[in-house]
Amino acid sequence: MMEKKKKSIGFNIIKSDPTDGHKGYGVGALSLDNVSPVFIDIEEEDVFVDIGAMHARSVVEKGIKFLKTKEEVPNGKPYWLVWVTIDRQEEGPYYAGVTACEMTVDRSIRRGYKSLPEHVNKMDKSLKRKIMVDFMDDKSKGLLAAYLENHDKGMWERSSDELKEGLKVT
C-alpha cells in the first residue's frame, strides 16, 4: 500500500540506510542525505530548514564573520541550528537524531558567534541518532516540537520518547 506523498518543506529524504540495519563499528558510511539543518529564530518564533547550513551558507550565516566568543558579539540575535536526522523503521520514517547548536548574529556589525567544532560534532551526533536538546530554552523547545509534529505527525509519533521528553516544555 503506497502512502500519499507528503508535501515536503525542505527535509532531506532518506535514499537508503547506509548501515543496512547493522550497527557495528565502521560498517557502512553515514550519509549526509539523511540530515537537515533546521534553524530556530527565537525572537521571531520562526522555524525553517536551510540546506545552505550544510556548508555554512545559510541565510542566517551569509555575510557574517564568526568570532570565537559570545562576548565579542554582545548584541547578537540568538538562533538555534538543529541537525535533524530522519531514519526509517518498519512502521515508517521518524526523527532519529536531533541535536541543537547555539548561534548568535549581529547583522548591524556583520559579526556572529558559533563554535564550528560544536556544530560539526553535533551534526555527527545527529547522524549517529543521538538526541541532544535538553539544554535548549523552553520557548525554543516548544517551537521545535511544534515544527516537527506539524511537518509530519506520523514521523513525530514514531520518534523516540527521549526526543518527545527532551522537547517537553516544563
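Residues numbered from 1 in each chain as written. Predicted model: local features only at pLDDT ≥ 70, side-chain atom pairs only at ≥ 80, totals over all residues. Heavy atoms only, no water.

Caption draft 1: Quick look at the overall build of the protein chain. Looking only at helices and strands, one finds four helices and seven strands in the protein chain. Order of helices (α) and strands (β) in the protein chain, N terminus to C terminus: β-β-β-β-β-β-α-β-α-α-α. Looking at the protein chain as a whole, 45% of its 170 residues qualify as buried. Sequence-distant contacts in the protein chain: of pairs separated by 6 or more residues, those separated by 24 or more amount to 65%. About 9900 Å² of surface is accessible on the protein chain, with carbon and sulfur atoms providing 52% of the total. (Helix = DSSP H or I, 4+ residues; strand = E, 2+ residues; numbered from the N terminus. Buried < 20%, exposed > 50% of the residue type's maximum accessible area, 1.4 Å probe, protein only. Contact = heavy atoms within 4.5 Å. Areas by Shrake-Rupley, 256 points an atom, 1.4 Å probe, with all protein chains shown as cover.)

Caption draft 2: View of the pattern of salt bridges. This model, assessed by the stated rule, comprises 11 salt bridges. With a shortest N-O distance of 3.8 Å, glutamate 157 and lysine 153 are connected by a salt bridge. Residue glutamate 157 and its partner lysine 153 are both found in helix α3 (residues 153-158); the two are separated by four residues, about one turn of the helix. The class of glutamate 157 is partly exposed, set by a relative accessible area of 48%. (Salt bridge = Lys/Arg side-chain N within 4 Å of Asp/Glu carboxyl O.)

Caption draft 3: Layout of the confidence of the model for the protein chain. Summing up the model confidence of the protein chain, the mean pLDDT is 86 and the portion of residues at 70 or higher is 81%. Scored below 50 in pLDDT, residues 1-8 makes two contacts in the model with residues more than four places away or belonging to other chains. Confidence over residues 13-29 falls short of pLDDT 50; this stretch has 14 contacts with residues more than four positions distant or in other chains. (pLDDT = per-residue confidence, 0-100.)

Caption draft 4: Here's a closer look at the environment of alanine 146. Inspection of the secondary structure puts alanine 146 in helix α2 (residues 138-151). On the basis of relative accessibility, which here comes to 34%, the residue alanine 146 falls in the partly exposed class. Separated by 21 residues in sequence, alanine 146 and leucine 167 place their C-alpha atoms 9.5 Å apart.

Caption draft 5: Spotlight on the nonpolar core. Judged by nonpolar contacts, the single largest core of 24 residues is most densely connected at Ile40, Val82, Tyr95, Val98 and Leu144. Looking at this core, the elements with two or more residues in it are β1 (35-41), β2 (46-49), β4 (77-89), β5 (92-106), α2 and α3. Per-element accounting of this core gives the leading share, five residues, to α2. Non-local contacts of leucine 144, meaning those with residues more than four positions away in its chain, are made with Val38, Ile40, Val82, Val98, Met136 and Leu167. Listed in part, the 15 residues of the second largest apolar core include Phe48, Ala53, Val60 and Met123. (Core = buried A, V, L, I, M, F, W, Y, C linked by side-chain atoms within 4.5 Å.)

Caption draft 6: Looking closely at the packing of aromatic side chains. A complete count under the given rule lists two aromatic pairs for this structure. Ring plane angle 20 degrees and centroid distance 5.5 Å describe the contact between phenylalanine 39 and phenylalanine 48, whose orientation is recorded as stacked. Here tryptophan 80 and phenylalanine 135 contribute two aromatic rings whose centre-to-centre distance is 5.8 Å and whose plane-to-plane angle is 50 degrees, an arrangement assigned as tilted. Note that tryptophan 80 is positioned in strand β4 and phenylalanine 135 in the loop between β7 (131-132) and α2, a separation of 55 residues in sequence. Looking at phenylalanine 135, the relative accessible area reads 40%, which means it is partly exposed. (Phe/Tyr/Trp six-rings, centres within 6.5 Å; stacked < 30°, edge-to-face > 60°.)

Caption draft 7: Region of the structure containing unusual backbone geometry. Positive phi values are uncommon outside glycine, yet glutamate 45 reaches one of about 55 degrees. Following the sequence through the fold, glutamate 45 ends up in the loop between β1 and β2. Even without being glycine, arginine 129 reaches a positive phi, approximately 70 degrees. When you line up the elements, arginine 129 lands in the loop between α1 (116-127) and β7.

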